[in-house]
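The residues making up each chain are set out below.
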Amino acid sequence: MTHDHPVSAPRVQPGRTRDQWRSVRADLNRRRSELTARAAEAFPAHRRVAGTPLLARPGWIPDRPVPLERVRLVWTGETPATPVDGHSPALDPIRPLRDDGTPYASYAEAVGELARPRLFENRACYRLLQVRGDDAATLTFGRGHYFDVIDICEAAAHEFAAASYGGGPVRTPFRALIGDPTELTVRPVMAGISTLVLRHDPTGHAEFILHWRDPAKVATAGGLHQVTPVGMFQPSHDAPWNEANDFGLWRAIVRELSEELLGTSEDYGSDTAPVDYDAWPFNRALGDARASGAASVHWLGLGVDPLTFVIDMLTVLVLDAEVFDELFQDLAATNDEGHLVGVEDGTGRSMGVPFRADHIERLTTVEPMQPAGAALLRLAWLHRDALLGRA
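A short tour of the structure in this document, coming up. Being a predicted model, the structure only gives us computed values, none of them experimental.

A separate point is unusual backbone geometry. Look at the link from Thr-228 to Pro-229: it is a cis peptide, with omega at 10°. Checked against the element boundaries, Pro-229 lands in the loop between strand 8 (225–227) and strand 9 (230–232). Within the chain, Ala-50 stands out as a residue other than glycine whose phi angle is a positive 55°. Mapped onto the secondary structure, Ala-50 falls in the loop between helix 2 (32–40) and strand 1 (66–67). A positive phi angle, near 65°, is found at Phe-309, a position not held by glycine. Within the fold, Phe-309 resides in the loop between strand 10 (295–304) and strand 11 (311–320).

Attention now moves to the pairing of strand 7 (residues 210–213). Sheet analysis places strand 7 next to strand 8, joined by 3 bridges and oriented antiparallel. For Trp-212, the partnering residue across the bridge sits in strand 8 and is His-225. Where strand 7 and strand 13 (residues 338–341) come together, 4 bridges link them in antiparallel fashion. Looking across to strand 13, one finds that Arg-213 is bridged to Gly-338.

We now examine the sheet that holds strand 4 (residues 137–145). Ordered by their spatial adjacency, 3 strands build an open sheet running 2-4-3, and the pairing between neighbours is mixed. The open sheet terminates on both sides in strands that have one partner only, identified here as strand 2 (71–75) and strand 3 (124–133). Recorded for the sheet is a direction-independent mean angle of 30° between the axes of neighbouring strands. Bridge analysis of strand 3 against strand 4 gives 9 bridges, and the strand direction is antiparallel. Looking across to strand 4, one finds that Arg-132 is bridged to Thr-138.

With that settled, consider the side chain of Asp-305. With respect to the helices and strands, the residue Asp-305 is situated in the loop between strand 10 and strand 11. For the buried residue Asp-305, which engages in no salt bridge, the nearest side chain bearing the opposite charge is Arg-32, 6.7 Å off. Within the local environment of Asp-305, its side chain forms a polar contact with the backbone nitrogen of Thr-308, the two atoms lying 3.2 Å apart. Excluding residues within four positions of it along the chain, Asp-305 makes contact with Thr-36, Leu-54, Val-310, Gln-370 and Pro-371.

The antiparallel open sheet is built from 4 strands, whose spatial order is 8-7-13-12. The sheet is open, and its two edges are formed by strand 8 and strand 12 (334–335), each paired on a single side.

Another aspect to go through is the pattern of salt bridges. All chains considered together, the criterion is met by 21 salt bridges. The shortest N-O distance in the salt bridge between Glu-69 and Arg-290 comes to 2.9 Å. On the criterion of sequence distance, the pair formed by Glu-69 in the loop between strand 1 and strand 2 and Arg-290 in helix 8 (residues 281–292) is long-range, its members being 221 residues apart. For Glu-69, a relative accessible area of 59% puts it in the exposed group. What makes Arg-290 partly exposed here is its relative accessible area of 24%.

This brings us to helix 10 (residues 357–365). Taken residue by residue, helix 10 has His-359, Ile-360, Leu-363 and Thr-364 as its buried positions. Along helix 10, the residues classed as buried sweep out an arc of 115° about the axis, all on the same side. If you follow the buried residues of helix 10, they end up packed against strand 6 (206–208), strand 7, strand 14 (353–354) and helix 11 (371–382).

This part covers the pairing of strand 11. Most of strand 11 is tucked away: 9 of the 10 residues are buried. Strand direction decides the pairing type here: strand 5 (residues 191–200) and strand 11, joined by 10 bridges, are parallel. Residue Leu-198 lies in a different strand from strand 11, and its bridge partner there is Val-318. Of the pairings in the sheet, the one linking strand 10 to strand 11 comprises 9 bridges and is antiparallel in character. Within strand 11, the position partnered with Val-304 by the bridge is Ile-311.

What counts as what
- Residues numbered from 1 in each chain as written.
- Predicted model: local features only at pLDDT ≥ 70, side-chain atom pairs only at ≥ 80, totals over all residues.
- Heavy atoms only, no water.
- Helix = DSSP H or I, 4+ residues; strand = E, 2+ residues; numbered from the N terminus.
- Pairing = 2+ DSSP bridges.
- Axes fitted to C-alpha atoms, helices over the stretch in contact; angles between N-to-C directions.
- Buried < 20%, exposed > 50% of the residue type's maximum accessible area, 1.4 Å probe, protein only.
- Lys, Arg positive; Asp, Glu negative; His and termini not counted.
- Salt bridge = Lys/Arg side-chain N within 4 Å of Asp/Glu carboxyl O.
- Polar contact = N/O pair within 3.5 Å; in protein donor to acceptor, adjacent residues only side chain to side chain.
- Contact = heavy atoms within 4.5 Å.
- Arc of directions from axis to C-beta.

Written out as C-alpha cells, the structure reads:
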C-alpha cells in the first residue's frame, strides 16, 4: 500500500502544551491513511475484512448480502458502565495543559477549544451493546452520546499518532487498556452507518460516488475518501420523542441520503414534533422504489477501524438509474462534511466512479480511504452478482 503522505513528517512529541497537541492533531489528519495501515499491523490477517484494514469478529460479516429488512434491532434503553471511558488516566499524556497548568478534562474538550471542526455537537446516539450474527443479524442498542467517539476513538488515534514518531516501538497505554477493539463491553461504542450507493442502468453498468471528508468540517476521519452517505446511528434530535421514532437503520440512511447527496438541512423540526416519515416525499419515493424492486438495500455486516476503533455498520443501496436520476437530479457537489468525488461538473464527465475491479483496486490500495469504505467496496464487488440482480 502506498502512503498518501511522506514518512518524513515532523517529529512531534506527545507533549502537554496546546501547540504540541495541535501539531499532533494536524499530523493525525495529514497521515490517517499511513497510520491506519500501521495500526492494522497489530492485528492478525484473519481479523481483517476482505483484505482491508477493517477488523471484525467471527459472525460480524455474513457470507452473503442480507436484505436490510431482515436485520433485527433490539432496544434496551440501558447505559451500562464500562471499565474504560474517555476520562481514563491512561490518556493523561495526550491531554494538553491550560495556561494555569490544569489539563483539559477530556479529548472532546480539547478538540472543542483547540481544533474545533464545523460539525461538533454532543448529540444523543444509539449505543451498540451486542451483535448476534446468524443468517441475518440481531443488534442490541442502548443510550449513548457522540462525544464518546471523540473522547475514546479520536483520543486513541491521537495517542497512536503521537507515539509513532521516530520509527521505534509504539507505546500506547490507552489502546492497551481497551485491548480488543471489537469487544463491546469494554468501552461505550457508538456505531456509524456507511452506505455504498450504486446507480445501476439497464445495460448492467453500475457506478458509485465517493466522498472526501474535509478535516476542517469533521471531527473524525478527516482527509480520507469514503463512500457516501455516512453518519452516526442517532436520533434526528435529542428531544425524547425522536428516540423511538428514528430507531431504524433505513430511516437513518434516508436522512443521510438527503443531507449528504442533496445537501439538505439536518434540521427536521423534530425539536418540536417527531419526523413524519410517511408524509416526507423523499422517503415515500425511496419506499416506493424498494416496493417495486427498483431499489434494494442490503446489510454486509460491521467492522472496526484499527486506528480510531470506530465501528461502522456496512450497507449497500442499489438504485435503478431512472430512479437515481429522478431522486438525485440536484446532486450536491459539496456538503457540510466535505465534497463528492466524480460528480457531474457540466463538462460531460461521468457522474460517478465506474463500479469496476480496477477502480476498486486503486481506491482500496492506493488512495487514502477510510477502512469501512474500502471494506464495503471489496465486499460489494465480491457479491456484485447478488447485489445487481444477476444471481
